[in-house]
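Chain by chain, the residues:
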Amino acid sequence: MRRREFGGRLAGAAGVGLAGSLAGAARAPRRNTLMHVGGDYHSVAGSGFTSKENLEYNLRCGVKHLTGQVGKRSADGGWDLDELKRMKDDCDKFGVTFEAIRMDSGYIMLRKGPERDRALDNVIGNIQKASTVGVKIITHHWTVIPIRRNQKTPGRGGATYNGFKLEDDWKALPDGKSGKVSSEDYWERITTFLQKVIPAARQYGVRIACHPYDPPGLPFGYQGADNWDSPSVFDGIKRYESIVDSPYNGFQLCLGTAAEGLKNPNAEILPIVQYLGERGKLYQVHMRNIRGGLHNFEEVYPDEGDMDLFRVMRVLRDVQFAGSICPDHMPRHPGDPGGLQSFAFGYGYIKALIQAVNSEVRG
């Protein structure tokens, strides 16, 4: 979006009113001072996630809330508490909030048995460690087959856009390393996890945020898997959060991922955001945009995709979403191998959207 067009949209907001926000129909909208731009492990400057270089880079981009990954782990996947304490101390020195940790998704690949039981116990131990250092969100990504991308297209300024198109011969693809995973099996694994882990999450005050499988909506049997967010990503989300209806069981909603499972992303994404936001089940948002939709899409810069992210931000404002909004899967360029330029653009875009939607309302 050009600067003049962006300004024109803001100037026209009064004429549009608040009808663009689904959540604003039932109550008067008010400013949301709780939502904020966030950063994570997708783009790291310097020698490490909590290095001086990376923390200063994030601060220059206006980012004060970070989601990290734990590098030191025991043989069974247990997080190193000393490393967590060091990461927390590093962030504290720069006035940055260590907001969340990304959890390994290996549990979902395990079938019923002692190994899976040990993995669940280990997850609970990691939740306790996160709570010890004041981290209140753990994110995860249930994948029994790898994230699918099978095409690249040229983008603006020489950037490259990753994409996916459902193969005509997808039934001939080999099964993933988990083998065949039926819908019943997948949901049994999810249900067991939630019923055991969410009570522990409540005990330690840590919210567990599920990221949808990427891409959703794949046909059942794709690489042997009946994915939990297929054939309908919205139905999958509703079922997932209802298994254990708790303020500690929610989502790291990736807008781009959810859009990949929709036929009309611009219209269909808003009810998903509102549904989760009104229930207090949104813990983080990944602000990624795409061109296309179900079974055929490419990941683009946030200002050139099919979703109107300004409308999404209005919904986040009106449901009083209180978490990080993070750029994600930004296009890459050979001159920007670490993605620092593209992510800096993403941070600034999100901050501008937050300011813009808040400028529309009083109070």
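Residues numbered from 1 in each chain as written. Predicted model: local features only at pLDDT ≥ 70, side-chain atom pairs only at ≥ 80, totals over all residues. Heavy atoms only, no water.

Attention shifts here to the overall build of the protein. Counting its secondary structure elements, the protein contains eleven helices and twelve strands. Taking 21 Å as the expected radius of gyration for a compact globule of 363 residues, we find that the protein reaches 20 Å, a close match to that expectation. Counting only C-alpha atoms, the protein reaches 60 × 55 × 45 Å along its principal axes. Expressed as a percentage of its 363 residues, the buried residues of the protein come to 56%. Contacts spanning at least 24 positions in sequence make up 78% of the contacts within the protein whose residues lie at least 6 apart. Total accessible area on the protein stands at roughly 15,200 Å², and carbon and sulfur atoms take up 50% of it. Side-chain charges of the protein comprise 48 positive and 42 negative groups, with the mean position of each set lying 4 Å from the other. (Helix = DSSP H or I, 4+ residues; strand = E, 2+ residues; numbered from the N terminus. Rg over C-alpha atoms; globule rule 2.2 N^0.38 Å. Buried < 20%, exposed > 50% of the residue type's maximum accessible area, 1.4 Å probe, protein only. Contact = heavy atoms within 4.5 Å. Areas by Shrake-Rupley, 256 points an atom, 1.4 Å probe, with all protein chains shown as cover. Lys, Arg positive; Asp, Glu negative; His and termini not counted. Charge placed at Lys NZ, Arg CZ, Asp CG, Glu CD.)

With respect to the helices and strands, the residue Gly261 is situated in the loop between helix H8 (255-260) and helix H9 (265-278). The exposure class of Gly261 is buried, given its relative accessible area of 10%. For Gly261 and Asp229, which are 32 residues apart along the polypeptide, the C-alpha to C-alpha distance reads 8.6 Å. Beyond its immediate chain neighbours, meaning those up to four positions away, Gly261 contacts Pro216, Val233 and Leu294.

Next up on the list: the nonpolar core. Generally speaking, soluble globular proteins have nonpolar side chains that are buried together. Counting residues in each nonpolar core, the largest one holds 100 residues, and the members touching the most others are Trp142, Phe193, Trp228, Leu255, Met313, Leu316 and Ile325. Of the residues forming this core, the biggest block, nine residues, is contributed by helix H6 (residues 183-204). When neighbours within four sequence positions are excluded, Trp142 is seen to be in contact with Met103, Ser105, Tyr107, Ile108, Tyr186, Ile190, Phe193, Cys210, His211, Tyr213, Trp228 and Tyr240. (Core = buried A, V, L, I, M, F, W, Y, C linked by side-chain atoms within 4.5 Å.)

Read from one edge of the open sheet, four strands run S5-S6-S11-S10, paired in antiparallel fashion. At either margin of the open sheet sits one strand with a lone partner, and together these are strand S5 (151-154) and strand S10 (289-293). Neighbour-to-neighbour, the strand axes of this sheet turn through a mean angle of 25 degrees, independent of strand direction. Across four bridges, S5 lies against strand S6 (residues 160-165) in antiparallel orientation. The partner of Lys152 across the bridge, within S6, is Asn162. (Pairing = 2+ DSSP bridges. Axes fitted to C-alpha atoms, helices over the stretch in contact; angles between N-to-C directions.)

Taken as a whole, the protein shows an average pLDDT of 92; of its residues, 93% reach a score of 70 or greater. Between residues 2-25, whose pLDDT stays under 50, and residues either more than four places distant or in other chains, the model counts 33 contacts. (pLDDT = per-residue confidence, 0-100.)

The next thing to look at is the packing of helix H5 (residues 114-132) against H6. The interhelical angle for the contact between H5 and H6, taken along N-to-C directions, is 30 degrees, at an axis separation of 10 Å. Here H5 lies roughly parallel to H6, going by the angle between them. As H5 packs across H6, the resulting crossing turns out to be right-handed. In this structure, H5 contributes Arg116, Asp117, Leu120, Asp121, Val123, Ile124, Ile127, Gln128 and Ser131 to the contact, and H6 contributes Glu188, Arg189, Thr192, Phe193, Lys196, Val197, Ala200, Ala201 and Tyr204. Taken together, the residues of the contact of H5 with H6 sort by class into nine nonpolar, three polar and six charged. (Parallel < 35°, antiparallel > 145°, perpendicular 65-115°, else oblique. Left-handed = near helix turned anticlockwise from the far one by under 90°. Nonpolar A, V, L, I, M, F, W, Y, C, P; charged D, E, K, R; others polar.)

What follows deals with the side chain of Asp303. Examined against the element boundaries, Asp303 turns out to sit in the loop between strand S11 (296-300) and helix H10 (309-318). We classify Asp303 as buried; its relative accessible area is 16%. In this structure the side chain of Asp303 is engaged in a polar contact, spanning 3.2 Å, whose partner is the side chain of Arg156. (Polar contact = N/O pair within 3.5 Å; in protein donor to acceptor, adjacent residues only side chain to side chain.)

What follows concerns the environment of Thr143. Here Thr143 is to be found in the loop between strand S4 (137-141) and S5. By relative accessible area, which is 15% here, Thr143 ends up buried. Distance in space between the C-alpha atoms of Thr143 and Thr192 is 16 Å, their sequence separation being 49 residues. The residues contacting Thr143, other than those within four sequence positions of it, are Ser105, Ile108, Met109, Tyr186 and Tyr213.

With that out of the way, let us pick up unusual backbone geometry. Of the consecutive residues Asp214 and Pro215, the connecting peptide bond is found in the cis state with omega at 0 degrees. Assignment of secondary structure puts Pro215 in the loop between strand S7 (207-211) and helix H7 (233-243). The omega torsion across Ser230 and Pro231 is -5 degrees, close enough to zero to call that bond cis. Counting through the fold element by element, Pro231 comes out in the loop between S7 and H7. Phi at His295 is positive, roughly 70 degrees, even though this residue is not glycine. Examined against the element boundaries, His295 turns out to sit in the loop between S10 and S11.

Taking the residues that link successive antiparallel strands as the turn, the S5-S6 hairpin has five residues, and the phi of Gly157 there is positive, at about 65 degrees. Taken together, the three bridges between S6 and S11 define a ladder with antiparallel strand orientation. Among the inter-strand pairings, Gly163 is bridged to a residue of S11, identified as Glu298.

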